[in-house]
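Spelled out from the first residue to the last, the chains are:
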Amino acid sequence: MSQWQQQPGDRLTQDRVLRWNLAGWVLFGLLPQAVAVLDASPARRYGLLGLLALIALCHTVVLTRQDRPVLRPRTYLAVLALVLGATSYLLDGGAAFYVVSLPQFWLFARAPRDAITLSGAAAALTVFGGTLGQGWSPQFLTGNVVFTVLSYAAGVALGLWLHRFIGQSNERQEQLTAELAVTQEELAAAYQQRGAAEER
């Protein structure tokens, strides 16, 4: 996964973040899309529901098989980007689903470069799908386009800041662990010297 794998003691925190993200993504991402498509034609409805089921299944597989991945997180993120573009084509308001899905690019990517690249591809596909679905017009800068681009920029800035913050926290934890080990060794040596002095 991401930078959390560096610290095995952070497993509980990682699981909590992933669970909260999953709850928010289902509640504010998948369910609104599923409800919005109910008024669409049967072909669109079943197509979009199939895409949502596919991405939900992929997400579940990535989360439940972290130790022995059946589906690599990067592949999941590529599928997510394609689904975002397709849902943007099939429904208006693709930017909202993109924004709710944006944290996943930072949670599942191995490095910031991957998160930036894949979330950028998802933003481009969301804009392209929305433009294709609504038809090209001179008023290209619709709310969805502007909101998607601004969300991407804000996501990159926040993601880089969090990556740096977590990296600094990990470095500090490693430093404290090393200092603790040195102190324990010094304490053990002091007890050993004290025991030797008492024996004399």
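These numbers were taken from a predicted model, which means no experiment stands behind them. In every chain, residue numbers begin from 1 and rise along the written sequence. Residue-level local features of this predicted model are given only where pLDDT is at least 70; pairs of side-chain atoms are given and counted only at 80 or more, and the full residue set underlies all totals for whole chains, interfaces and linings. In computing side-chain values, all of the structure's heavy atoms are included and hydrogens and water are not.

A.B. asks: I tried to follow the packing of aromatic side chains on my own but got confused; where do I start?
C.D. replies: Each aromatic ring pair is specified by the distance between its two centres and by the angle formed by the two planes. Only rings of Phe, Tyr and Trp enter the pairing, Trp through its six-membered ring, and a pair is recorded when the two centres are within 6.5 Å. The plane angle decides the type: under 30 degrees is stacked, over 60 is edge-to-face, the rest tilted. Taken as a whole and judged by the stated rule, the model has 1 aromatic pair. Seen in terms of ring centroids, Y76 and F108 are 5.6 Å apart; in terms of plane orientation they differ by 80°. Their pairing is edge-to-face. With Y76 in helix 3 (residues 73-90) and F108 in helix 4 (residues 94-108), this residue pair connects regions lying 32 residues apart in the sequence. The pair Y76 / F108 is uniform in exposure class, with both members buried. Numbering of helices and strands runs from the N terminus, with a helix taken as a DSSP run of H or I at least four residues long and a strand as a DSSP run of E at least two residues long. Each residue is placed in one exposure class: buried if its accessible area under a 1.4 Å probe, protein chains only, is under 20% of its type's maximum, exposed if it is over 50%, and partly exposed if it falls in between.

A.B. asks: Honestly, helix 3 in this entry has me stumped. Any pointers?
C.D. replies: Residues spaced three or four apart along an α-helix point in a common direction, a consequence of the helix completing one turn every 3.6 residues. Expected span of a helix, by definition, is 1.5 Å for each gap between consecutive residues, and there is one gap fewer than residues. Taking 1.5 Å per residue, 18 residues should reach 26 Å; helix 3 reaches 25 Å between its end C-alpha atoms and fits that length. Along helix 3, the positions that sit buried rather than exposed are P73, Y76, L77, L80, A81, V83, L84, G85, T87, S88 and L90.

A.B. asks: How do you make sense of the side chain of S101 when you look at a structure like this?
C.D. replies: Position of S101 relative to the elements: it lies in helix 4. The exposure class assigned to S101 is buried, which follows from its relative accessible area of 0%. At 2.9 Å, the side chain of S101 forms a polar contact with the side chain of W25. A polar side-chain atom of S101 sits 2.9 Å from the main-chain carbonyl oxygen of F97. With near-sequence residues (within four places) excluded, S101 lies in contact with W25, L80 and L84. Any N or O atom pair separated by 3.5 Å or less is treated as a polar contact, with the protein-specific requirement of one donor-capable and one acceptor-capable atom, and with residues adjacent in sequence counted only for side-chain atom pairs. Pairs of residues are marked as contacts when any of their non-hydrogen atoms sit within 4.5 Å.

A.B. asks: What am I meant to see in the nonpolar core here?
C.D. replies: General note: in soluble globular proteins, nonpolar side chains tend to be found buried as a group. To form a nonpolar core, buried Ala, Val, Leu, Ile, Met, Phe, Trp, Tyr and Cys residues must be joined to one another through side-chain atoms within 4.5 Å. Grouped together as the largest cluster of nonpolar side chains are 32 residues, with contacts concentrated most on Y76, L77, L80, F105 and F108. Excluding anything up to four places from it in sequence, L77 contacts Q104, F105, F108, A109 and L118.

A.B. asks: I tried to follow a nonpolar patch on the surface on my own but got confused; where do I start?
C.D. replies: There is a patch of nonpolar side chains on the surface, built from V26, L27, F28 and L31 and spanning about 370 Å² of accessible area. When you line up the elements, L31 lands in helix 1 (residues 11-36). The class for L31 is partly exposed, based on a relative accessible area of 44%. Excluding any residue in a salt bridge, patches collect residues exceeding 30% relative accessible area, merging like charges within 9 Å and nonpolar Val, Leu, Ile, Met, Phe, Trp and Tyr side chains within 5 Å. Calculation of accessible area relied on Shrake-Rupley with a 1.4 Å probe; when residues are assessed, cover is drawn exclusively from the protein chains displayed. Salt bridges are defined by distance alone: a side-chain nitrogen of Lys or Arg within 4 Å of a carboxyl oxygen of Asp or Glu.

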